[in-house]
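Examining the three-dimensional arrangement
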Amino acid sequence: MDWNRRSIVAALGALAPSAVAWAEPAPETGVNLKTGRDDQERMTIPVRIGNVEGYDFVVDTGADRSVLASDVAAALGLPAGRKVLIHGITGQEVTATVRCPALKVGEVTLPPQELPVIDRPRLGADGLLGMDVLQNRRLTLDFRQRRLDIRAASGASPARLDPRWVIVPTDGVHGHLTIISARVGTIAATAFVDSGASMTIANPALAQAMRSRRRWQSSAPQVTLAGVTDHAVTGEGRIIPQLRLGTMSFSHVPVVVCDLHLFRQWRLDDRPAILLGVDVLRMFAKVELDYGRRRLLFRAGQAPPPLMA
């Protein structure tokens, strides 16, 4: 894949918030929904707000809390709530909330509560569906059939019946999946999945390790990242020659190297770390995130994904 400033900017968009929040567990009832895509290629699903249908929310495994677009809240006339501090991928800020009625995704319901509101240009959708709905669940992203399946974590996994599934053990950190066995070349790294991020991002500690091994020497195009908060940061476009997740190996993976607030918030700024965005996830027919069993599963389709070695 050719890598230049234009391709980097085209691949990037508004990235997902990781908000300080309380969480209500989703019920045990499963749901299988037809999905869509937003203009950043992120997976979206239909959500009902109270009794009003027709809203498309981005499925965001990197957000602790579901979020509404400010114009949606205004159109529904939702009353104001208290202000809260949210932590976005590029920074933190105090933002308004609204008292939102129940959010319903198929048969899965998030009870009424105060939710942060973000301007649509930053959010890129009607809302984000976060870990307050997805926690302790088994989430299957079916990219080939464009479907989302949310089940109780205690249910049987399809990997038991289908040898095409590859299991990668994980460790839950801050409600997110952290892949234990990630390696970038010979460098051990902490990796986590964020389905609300359109692009894969590496931290400066990983970049320094790559430079010390003389893997990255030349100059790189500069990229500006803007998240849901009013902060922008500058990074550089790079290519990772090899990325390993468990037994799987990827070659020539485009990343943006950036000193994100997100890495510092999760105390991942002093060791190599990488955020895996939807650009990597879409290489597979299906990706399953089992938060109850703390594991991540990948399944290829009829042929290996394009960047899989």
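See above for the structure.
Residues numbered from 1 in each chain as written. Predicted model: local features only at pLDDT ≥ 70, side-chain atom pairs only at ≥ 80, totals over all residues. Heavy atoms only, no water.

1. Things to note about the pairing of strand 24 (residues 286–290)
Looking along a regular strand, one sees the side chains alternate between the two faces of the sheet. With respect to burial, strand 24 is a largely interior element, 4 of its 5 residues being buried. Summarising the sheet, strand 14 (residues 137–142) and strand 24 pair through 5 bridges and their orientation is antiparallel. Along strand 24, the bridge assignment pairs Asp-142 with Lys-286. The pairing of strand 24 with strand 25 (residues 295–299) spans 5 bridges and is classified as antiparallel. Its bridge partner being in strand 25, Val-287 is matched across the sheet by Phe-298. (Buried < 20%, exposed > 50% of the residue type's maximum accessible area, 1.4 Å probe, protein only. Helix = DSSP H or I, 4+ residues; strand = E, 2+ residues; numbered from the N terminus. Pairing = 2+ DSSP bridges.)

2. Some words on the nonpolar core
Ranked by internal contacts, the top residues of the largest apolar core, which has 71 residues, are Leu-68, Leu-141, Leu-245 and Phe-298. Of the residues forming this core, the biggest block, 5 residues, is contributed by strand 22 (residues 248–257). Residue assignment places this core across two domains, with domain 1 (7–152) and domain 2 (165–300) each supplying three or more. Beyond its immediate chain neighbours, meaning those up to four positions away, Leu-245 contacts Val-168, Ile-179, Ser-181, Ala-182, Phe-250, Leu-276 and Phe-298. Ile-201, Leu-260, Leu-262 and Ala-273 belong to the second largest nonpolar core, which has 14 residues in total. (Core = buried A, V, L, I, M, F, W, Y, C linked by side-chain atoms within 4.5 Å. Domains from an automatic or database assignment. Contact = heavy atoms within 4.5 Å.)

3. As for the environment of Thr-140
Mapped onto the elements of the fold, Thr-140 is located in strand 14. When the C-alpha atoms of Thr-140 and Leu-289 are compared, they prove to be 6.4 Å apart, with 149 residues separating the residues in sequence.

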